[in-house]
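Survey of secondary and tertiary structure
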Amino acid sequence: MHEQDRAASPAALSSPYGDLAFLLDLDPPASDFRHDVHEGLAATPKRLSPMYLYDERGSLFFQKITTLETYYPTRTERSLFEDNARAIGEAIGPGRAVFEYGAGSPEKIELLLSLMQDPRGYVGMDISREFLIEGMQAFAARTGLPVGAVCADFNDIATLPKDLIDPEAAWLGFFPGSTIGNISTDAAGALLRNAAATLGRGAAFLLGVDLEKDPDVLRLAYDEPAGVTAEFILNILPRIRDELGASLDIGAFKYEIDIRDNPQRIEMYVTAVDATEIRLDGRAYGFDAGERMQISRSQKYSLEGLDSLLDSTPWRRERTWIDEACPYALCLLGNG
């Protein structure tokens, strides 16, 4: 079924849905951990999707990472919001409804709504249906705002039932946390083009972007002495063992990062210390000593690089707030 067909299907829309103004379920394809592990281990070079880092234990590790002094993105973005609250609110303008991509942190959306003038509603989008509904219902009960939920991945174009939020409200897309750096440039362009189709003309988009910086700052942030990030990445190994029944020696692997240029990015790996193998479903996947399996990446943009990305989309950068000490940007985009 094509994206537009799924978006338009009336069977996908429930309005209202409990405490929600609506639930739009575009039936995104379910992930298949076993299939993806086989595919990733058989690939050259080996790789696994970072989505599998976020089981319950991994999510706790990540929450701890965001509190570390060496991990700057979370606190830097929050400081930008707090230090520029009035200017951001005025630039967004009154009477908008917010559509958040990858709805997850209630603190971030509450901070955004607190600085907006007369917000008209909030819609969260995520691929995990149960997680999404639970979070959006809790938010609706807490705030009293009209709240909707869209179960979809970033590649879906949703036709929003705007009359169930506020037919007069213009949309504000919201993609915080520099998450755009965790996907490829091509995928980022596709996301922004799809967002323009979903939100329509006259929409705005508030984007958190981690900017290029001193490699030593990046190394401390992504390979900090406390070793929490290493635990977070290496947690993929006990998941493969415990959930899939694989045979592997967790101690035969270590965490490593590379810092690349052009564009600047962090690449995160599980690396075999010595020759070893992972056996799954009767198949053996060998690792040479020093062989790596990429788990995650995080690209850092220059403003010129960001503008080049935006050139492939309907969006243009209209306002930018930058932390110069630890380069990070909040960018307000417009699409006319």
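Keep in mind that this is a model prediction, so the values were computed, not measured.

Turning to the overall build of the chain, a few remarks are in order. Of regular secondary structure, the chain possesses 12 helices and 15 strands. Taking 336 residues into account, the globule formula puts the C-alpha radius of gyration at 20 Å, and the chain, at 21 Å, falls close to it. Dimensions along the principal axes, computed over C-alpha positions, put the chain at roughly 60 × 50 × 35 Å. Scored against the burial criterion, the 336 residues of the chain give a buried share of 49%. A total accessible area of about 15000 Å² is found for the chain, and carbon and sulfur atoms account for 48% of it. Averaging the locations of the 32 positively and 53 negatively charged side chains of the chain gives two centres separated by 2 Å.

What follows is about the side chain of Asp126. Tracing the backbone shows Asp126 in strand S5 (residues 121–126). A polar side-chain atom of Asp126 sits 3.0 Å from the main-chain amide nitrogen of Ser128. Setting aside anything within four residues of it in sequence, one finds Asp126 in contact with Gly102, Ala103, Phe131, Leu132, Val150, Cys151 and Ala152.

The subject of this paragraph is the environment of Val217. In this structure, Val217 sits in helix H9 (residues 215–222). Residue class for Val217 comes out partly exposed when judged on its relative accessible area of 31%.

The four strands lie next to each other as S3-S13-S10-S9, forming an open sheet whose pairing is mixed. Where the open sheet ends on each side, the last strands, each with one partner, are strand S3 (46–47) and strand S9 (253–260). In this sheet, strand S13 (residues 292–299) lies alongside S3 in parallel orientation, the contact comprising two bridges. Note on S13: the bridge partner recorded for Lys46 is Met293. Contacts between H9 and the sheet are confined to S9, strand S10 (265–272) and S13, with S9 contributing the most and set at about 155 degrees to the helix.

Most of strand S8 (residues 204–210) sits inside the fold, with seven of its seven residues counted as buried. Burial along S8 is two-sided: the face carrying Ala204, Leu206, Gly208 and Asp210 and the face carrying Phe205, Leu207 and Val209 are both buried. Judged from the four bridges that link them, strand S7 (residues 170–175) and S8 form a sheet pairing that is parallel. When the sheet's bridge partners are listed, Phe174 is paired in S8 with Leu206. A crossover connection joins S7 to the parallel S8 through helix H8 (residues 185–199); in handedness this β-α-β unit is right-handed.

About the cut-offs
Residues numbered from 1 in each chain as written. Predicted model: local features only at pLDDT ≥ 70, side-chain atom pairs only at ≥ 80, totals over all residues. Heavy atoms only, no water. Helix = DSSP H or I, 4+ residues; strand = E, 2+ residues; numbered from the N terminus. Rg over C-alpha atoms; globule rule 2.2 N^0.38 Å. Buried < 20%, exposed > 50% of the residue type's maximum accessible area, 1.4 Å probe, protein only. Areas by Shrake-Rupley, 256 points an atom, 1.4 Å probe, with all protein chains shown as cover. Lys, Arg positive; Asp, Glu negative; His and termini not counted. Charge placed at Lys NZ, Arg CZ, Asp CG, Glu CD. Polar contact = N/O pair within 3.5 Å; in protein donor to acceptor, adjacent residues only side chain to side chain. Contact = heavy atoms within 4.5 Å. Pairing = 2+ DSSP bridges. Axes fitted to C-alpha atoms, helices over the stretch in contact; angles between N-to-C directions. Right-handed = clockwise from strand over helix to strand, strands pointing away.

Shape is all these values report; function is a separate question.
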